[in-house]
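Residue-level structural notes
Chain residues, written in single-letter form:
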Amino acid sequence: MTEKNKTLVVDPLDQAAGNGLMSRRLFLNSAIAGGATLATAGNAFAQEAVVGEGQEEWTLMPGDDLPEYGDVSRYEKGRVKRFVAPPPGLATASLSGRTPLHLLHGTITPSGLHFEVTHHGIPDIDPDRHEMVIHGMVKKPFKWNVEQLENYPTVSRQYFLECSGNTRVNWADPKPDQNFMYMTHGLVSGSEWTGVPLSTLLDECGVSPDAKWIIAEGADSGSLARSIPIDKALDDTMVAIYQNGERLRPSQGYPMRILNPGFEGNVSIKWVRSLYVTDKPVMSRFETSKYTDKLHDGKSLQFSLEMDVKSVITRPSNALSLEKRGMYEITGLAWSGRGKIAKVEVSADGGRTWAEAMLEGPIQSKMLTRFRIPWMWEGRPAILQSRAIDEFGRVQPSRKELLAARGRQAYYHYHAIHSWSINARGAVRHVFA
Amino acid sequence: MFLRKILMASLLLCGATITVAQESRFGTPATQADIDKRFWSTFPDGENLPDGQGTAMLGKPLFEEQCTICHGTPEARGENDVLFGGHGTIGTDKALATVGSYWPYATTVFNYIRKAMPYTAPMSMTNSEYYSITAYLLYENGIIGEGDVINKETLPDVKMPNAGNFIMAYPEVPEEYSIQK
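Residues numbered from 1 in each chain as written. Chains lettered and ligands numbered in written order. Predicted model: local features only at pLDDT ≥ 70, side-chain atom pairs only at ≥ 80, totals over all residues.

Bringing the overall build of chain A into the picture now. What chain A contains, in helices and strands, is 7 helices and 24 strands. Taken along its principal axes, the extent of the C-alpha atoms in chain A is 85 × 60 × 45 Å. The buried share among the 433 residues of chain A stands at 48%. For chain A, long-range pairs separated by at least 24 residues make up 71% of all intrachain contacts whose partners lie at least 6 apart in sequence. (Helix = DSSP H or I, 4+ residues; strand = E, 2+ residues; numbered from the N terminus. Buried ≥ 20, exposed ≤ 12 C-beta atoms within 10 Å, placed from the backbone. Contact = placed C-beta atoms within 7 Å.)

When helices and strands are counted, chain B shows 6 helices and 4 strands. In chain B, the order of α-helices and β-strands from amino to carboxyl end is α-β-α-β-α-α-α-α-β-β.

Turning next to helix 6 (residues 127-140) of chain B. Residues and elements named next belong to chain B. Helix length check: helix 6, at 14 residues, gives a terminal C-alpha distance of 20 Å against a target of 20 Å (1.5 Å per residue), a fit within 8%. Within the sequence span of helix 6, burial applies to Tyr 130, Tyr 131, Ser 132, Ile 133, Thr 134, Ala 135, Tyr 136, Leu 137, Leu 138, Tyr 139 and Glu 140. Packed against the buried residues of helix 6 are strand 2 (53-54), helix 3 (56-66), helix 5 (106-116) and strand 3 (150-151). Just downstream of helix 6, Gly 142 is the residue with a positive phi angle, here 75 degrees. (Expected span 1.5 Å × (residues − 1).)

So, about the interface of chain B and chain A. Taken together, the contacts link 49 residues of chain B with 57 residues of chain A. Mapped by element, the contributors of at least two residues to the side of chain B that touches chain A are strand 1 (28-29), helix 2 (32-38), helix 4 (68-71), helix 5 and strand 4 (166-168) of chain B. Examining the composition of the side of chain B that touches chain A, we find that 5 residues originate from one element, helix 5 of chain B, more than from any other. Considered class by class, the residues forming the side of chain B that touches chain A number 29 nonpolar, 13 polar and 7 charged. Relative to strand 4 of chain B, strand 15 (residues 300-302) of chain A is paired through 3 bridges, and the arrangement is parallel. Across the sheet, residue Leu 301 of chain A finds its bridge partner in strand 4 of chain B, namely Ile 167 of chain B. (Nonpolar A, V, L, I, M, F, W, Y, C, P; charged D, E, K, R; others polar. Pairing = 2+ DSSP bridges.)

Let's shift gears to the sheet that holds strand 23 (residues 419-422) of chain A. By way of backbone hydrogen bonds, the strands of a sheet pair with one another, either parallel or antiparallel. Here we have 5 strands laid out as an open sheet, ordered 19-18-22-23-24 (chain A), and antiparallel in their pairing. This sheet does not close on itself; its edge strands, each paired only once, are strand 19 (355-356) and strand 24 (428-431) of chain A.

This paragraph deals with the confidence of the model for chain B. All names here are of chain B. Summarising the model, chain B shows a mean pLDDT of 91, and 88% of its residues fall at 70 or more. Note that pLDDT drops below 50 for residues 7-18; the model gives that stretch 0 contacts with residues more than four away or on any other chain. Reported for the predicted complex are a pTM of 0.90 and an ipTM of 0.90. (pLDDT = per-residue confidence, 0-100.)

In this section: the sheet that holds strand 9 (residues 225-229) of chain A. In spatial order, the strands read 9(A)-8(A)-13(A)-4(A)-5(A)-1(B); together these 6 strands make up an open sheet with mixed pairing. Every other strand in the sheet has two partners, leaving strand 9 of chain A together with strand 1 of chain B as the edge strands with one partner each. Strand direction decides the pairing type here: strand 8 (residues 213-218) of chain A and strand 13 (residues 272-278) of chain A, joined by 6 bridges, are antiparallel. Residue Glu 217 of chain A lies in a different strand from strand 13 of chain A, and its bridge partner there is Ser 274 of chain A.

In this section: the confidence of the model for chain A. Detailed reading of the predicted coordinates is not advisable wherever pLDDT falls low. Summing up the model confidence of chain A, the mean pLDDT is 92 and the portion of residues at 70 or higher is 91%. Within the model, the stretch residues 1-6 of chain A combines pLDDT values under 50 with 2 contacts to residues more than four positions away or in other chains.

With that settled, consider unusual backbone geometry. Residues and elements named next belong to chain A. A cis geometry characterises the amide bond from Tyr 254 onward to Pro 255, with omega recorded as 5 degrees. Topologically, Pro 255 is positioned in the loop between strand 11 (246-247) and strand 12 (257-259). Between Gly 361 and the following residue, Pro 362, the backbone shows a cis peptide bond with an omega angle of -5 degrees. On the secondary structure map, Pro 362 appears in the loop between strand 20 (358-360) and strand 21 (369-377). Although it is not a glycine, Met 283 sits at a positive phi angle of roughly 60 degrees. Structurally, Met 283 is set in the loop between strand 13 and strand 14 (293-294). Using a count of 25 C-beta atoms within 10 Å as the deciding quantity, one classes Met 283 as buried.

All right, on to the pairing of strand 18 (residues 341-347) of chain A then. All names here are of chain A. Of all 7 residues in strand 18, 5 are buried; the element is thus mostly enclosed. As paired elements, strand 18 and strand 22 (residues 382-390) share 6 bridges and run antiparallel to each other. Looking at strand 22, one finds that Glu 345 is bridged to Arg 387. Here strand 18 pairs with strand 19 via 2 bridges, running antiparallel. Residue Glu 345 lies in a different strand from strand 19, and its bridge partner there is Glu 356.

Residue and element names in this part refer to chain A. Here 4 bridges tie strand 22 to strand 23, and the two strands are oriented antiparallel to one another. In the strand pairing of strand 23, Leu 384 is matched with Trp 420. Here strand 23 pairs with strand 24 via 4 bridges, running antiparallel. Paired with Ser 421 across the strands is Arg 429, a residue of strand 24.

As a further point, take helix 5 of chain B. Residues and elements named next belong to chain B. Most of helix 5 is tucked away: 11 of the 11 residues are buried. Within the span of helix 5, buried status applies to Ala 106, Thr 107, Thr 108, Val 109, Phe 110, Asn 111, Tyr 112, Ile 113, Arg 114, Lys 115 and Ala 116. Among the structural elements, helix 6 are those in contact with the buried residues of helix 5.

This next bit is on the environment of Thr 237 of chain A. Residues and elements named next belong to chain A. Within the secondary structure, Thr 237 is located in the loop between helix 6 (230-233) and strand 10 (238-243). Here Thr 237 falls in the buried class, since 27 other C-beta atoms lie within 10 Å of it. Among residues more than four places away in sequence, those in contact with Thr 237 are Leu 198, Ile 228, Lys 232, Ile 258, Leu 259 and Asn 260.

The subject of this paragraph is the nonpolar core. Among the nonpolar cores identified, the biggest contains 139 residues, and Leu 21, Ile 134, Ile 214, Ala 216, Val 239 and Val 272 of chain A are the most heavily contacted of them. Sorting elements by how many residues they give to this core places helix 6 of chain B first, with 8 residues. (Core = buried A, V, L, I, M, F, W, Y, C linked by C-beta atoms within 7 Å.)

Another aspect to go through is the environment of Tyr 182 of chain A. All names here are of chain A. Following the sequence through the fold, Tyr 182 ends up in helix 4 (residues 181-185). As a C-alpha pair, Tyr 182 and His 418 span 236 residues in sequence and 13 Å in three-dimensional space. Once residues lying within four places of it in the same chain are set aside, the contact partners of Tyr 182 are Phe 83, Arg 98, Thr 99, Pro 100, Leu 101 and His 102.

For the rest of this paragraph, the subject is the packing of helix 5 of chain B against helix 6 of chain B. Residues and elements named next belong to chain B. Put simply, helix 5 and helix 6 touch, their axes get as near as 9 Å, and they point 135 degrees apart. The orientation of helix 5 with respect to helix 6, classified from their angle, is oblique. As helix 5 packs across helix 6, the resulting crossing turns out to be right-handed. Facing Ala 106, Val 109, Phe 110, Ile 113 and Arg 114 of helix 5, the residues of helix 6 in contact are Tyr 130, Tyr 131, Ile 133, Thr 134, Leu 137 and Leu 138. Considered class by class, the residues forming the contact of helix 5 with helix 6 number 9 nonpolar, 1 polar and 1 charged. (Axes fitted to C-alpha atoms, helices over the stretch in contact; angles between N-to-C directions. Parallel < 35°, antiparallel > 145°, perpendicular 65-115°, else oblique. Left-handed = near helix turned anticlockwise from the far one by under 90°.)

Structure representation (structure tokens):
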């Protein structure tokens, strides 16, 4: 009897929603039945062999010396990597490197796989010649190099960063994009960031009560600048100097960057060298001609800084097809720029019925949250969706709802429910549903 | 003992009359030169715009020499961002956001090209050259005249066609465009 002809038995009590979604309890209650194949024992009595016979060669000899800086297995090299877009025009550096979300687990993105978007390339900064100055509407301007910042008490927090252009193809494209999901969703990552709260440094300078904005500028070859609202700067903005326990990588702002938790990535100025305290935004290119959201009536949203509540199923997804019928784990990531994820619901029937997924803790504010739910796939077509809800009751919208409110030209801040269709053969495609 | 009391009293008096000095535990006081080297932002009201001036007529040959290779000409598009035309397309399915059709402030044009362009050699031209290229872009988009002088006095007064169409979305997207009803 082949696998396909077996009858799959689903206990109705374990069903949570239509088309095979199972209760989260199954993770807690059921032991996974796994059988180890028994090896046939050799005839040790006739001719006794050395005990290591049949062992792999790496078990039978000492391994390599320890490297000073560890690397991935040589068997993994080239398999798990970012998608780096080719330069978009003449003379320009690559614009983006996208995180392969479908190949990663947990919520922390390895630093070398963290997404990046750079508009003027990655500067090669000598930390001994880099200083950041705070000036403008302050009693006294000060400057710091990275060694001086090291002396302050630091904070370490886990936060997601997302480019507001993530998933942008879903606005205007008439048909669902079929590129692997790191093309559509790979501009979001999660890291532990360590740095000095910006409020600590602002307090030392003495910020005027009339201050409303802080203009941050980087030392890259475009001196990229963005305006940060003063309430944000005094709340949880930090000057980050470490990512995942080590000094920032050059592509992430070495030796110091602004980190605005929950805000669109572009505002978290890398390679920061000037913070100008003032009462008005600078209206830089990246907050006027770019990173503004065109609406259907000719108006544009400006300073749409907080990232909306959003989620995506990473397994299965269009780079990972189902090979046979049986029990699967549907898993993915959810996040909100305003706070914690409260709930993620999953549908296997295109949104007709929903079941609550298990959230893997600790659930942290403005950080990726992983969700999981067991799913019995019986070989029937399905449409998988996830819908995130944050602690303030904000619900991830359907694509239809989002387009009705904003039109199709917004380019930034697309955050609608994403749909994966699965056909009877297990092939996964992106669909609009 | 008596002298020490007088010293204490005078120290207290001094303390009462001066305001608390602003101190940084580990930072270094910044000089104006420290600030000027790092602060490139210019504002719509003209704040921090430098001296120098230019016209579209002077800017045309500079643009053709430095910018056309990537950005094309008013007649023919280049590989990179389109800078001319697109007027009236914003809000349609064929939106073409250019300096003329979309950018709300003329100071942003000057600010951006002055610090970031030409792409392979940013900050390699003079303020008057950057004012001239700005004037050329504004002229070719039908916003100023060919001979209009652009400098720190006149640039903030340039009215951009799309200036009134931006809606503040922080801290909340206005109800009309909100997904969360």
